[in-house]
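Understanding the architecture of this molecule
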Amino acid sequence: MSASVVEEGFRIIGGFAAANIYRVLSDEKIMEQVEPAGDFFGELAFLNDAPRAATITATVTTECYVLGKVEFKSIIGPLKEVLEERHVLRILKNCMEAFKQGDESVLKEIIRRFEKVKYAKGEYIIKEGDAGDAFFIIESGICSLIKYNQTLKKNMHLAKLQPGKYFGERGLMPGENGRRAASIIAHDEDVKVLRLEQEDFVELVASFFEEQARITGKKFEDATEEDDEKDEVDEEK
């Protein structure tokens, strides 16, 4: 592992190469989704033998430790669980404000109970009208939000949901017995989601949605409806 200083505007990782993983040393943020000093990024391409999923550019002069792919592969055994937990923790914190303020021990317990599930293109993840039994966060790939239009008598595509988007929370809150209000279908060839059973959702996650409603000053239903409306606006753009 070697230390490296990158100047403002330098593209640290990007494109299709997967050569190095970096650990941030300086106090400034590299990008919105990367934590300040001490956090790392670039590991997913190594873990999955895949192209880079995003580009990271230094917004200020930043010092990093750089770990090459060969070195990474040689020590991946003891580090793999730590890296995967950190990856899911980032997803969790970025998908909702209340998670960012949550107790890390609770968040790690949520992560331990997540099940990772893969879906092929066109597969239903949840189906409109079915009973709600789980909460989902998209880990990778894009999903389609579909709802049946009673007037037109056909399914309507409402939005594309990007990685980090959650769904399935409606009907899982204590005291509710809801049905799925829409369908979510895998849009890409290989979609990966984090799945949490209803029992675990009620025990560990429901309180975060209640806190999110308090933060936004909206009822739970209003807050989730606002998220759906934003997805539709983003899709139109």
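Before any of the text, the structure's been laid out above.
As the structure is a computational prediction, the values presented were derived from the model and not from experiment.

Cut-offs used in this document
- Residues numbered from 1 in each chain as written.
- Predicted model: local features only at pLDDT ≥ 70, side-chain atom pairs only at ≥ 80, totals over all residues.
- Heavy atoms only, no water.
- Pairing = 2+ DSSP bridges.
- Helix = DSSP H or I, 4+ residues; strand = E, 2+ residues; numbered from the N terminus.
- Phe/Tyr/Trp six-rings, centres within 6.5 Å; stacked < 30°, edge-to-face > 60°.
- Buried < 20%, exposed > 50% of the residue type's maximum accessible area, 1.4 Å probe, protein only.
- Axes fitted to C-alpha atoms, helices over the stretch in contact; angles between N-to-C directions.

For the rest of this paragraph, the subject is the pairing of strand β11 (residues 154-161). For strand β10 (residues 143-149) and β11, the ladder comprises 7 bridges, and the chain directions are antiparallel. Its bridge partner lying in β11, S144 is registered against K160. What sits between β10 and β11 in their antiparallel hairpin is a turn of 4 residues, with K153 showing a positive phi close to 60 degrees.

So, about the packing of aromatic side chains. Applying the stated criterion across every chain, the model contains 7 aromatic pairs. Taking the centre distance of 6.0 Å and the plane angle of 40 degrees together, the rings of F135 and Y166 count as tilted. Taken together, the residues F135 in strand β9 (residues 134-140) and Y166 in strand β12 (residues 166-167) connect sequence positions 31 residues apart. The interplanar angle of 85 degrees and the centroid separation of 5.7 Å between the aromatic rings of F135 and F209 together place this pair among those described as edge-to-face. You can see F135 sitting in strand β9 and its partner F209 sitting in helix α5 (residues 198-216), a full 74 residues away along the chain. When sorted by exposure, F135 lands in the same class as F209, which is buried. One aromatic cluster is present, built from ring pairs that chain together F135, Y166, F201 and F209.

Reading across the sheet, the 4 strands line up as β8-β13-β10-β11 and stay open at both edges, with antiparallel pairing between neighbours. Edge positions in the sheet fall to β8 (124-126) and β11, since each has one partner strand and no second. Each neighbouring strand pair of the sheet contributes to a mean axis angle of 35 degrees, computed without reference to strand direction.

It is worth spelling out unusual backbone geometry at this point. One non-glycine residue, K153, lies in positive phi territory at about 60 degrees. Mapping K153 onto the fold places it in the loop between β10 and β11.

Within the secondary structure, E43 is located in the loop between β4 (40-41) and α1 (44-48). A relative accessible area of 1% means that E43 is categorised as buried.

The sheet built from 4 strands is open, its strands ordered β7-β14-β9-β12 with antiparallel pairing. Each of the sheet's edge strands pairs with one partner strand only, and the pair in question is β7 (115-120) and β12. Inspection of the sheet shows β9 paired to β12 by 2 bridges, in the antiparallel sense. Paired with I137 across the strands is Y166, a residue of β12.

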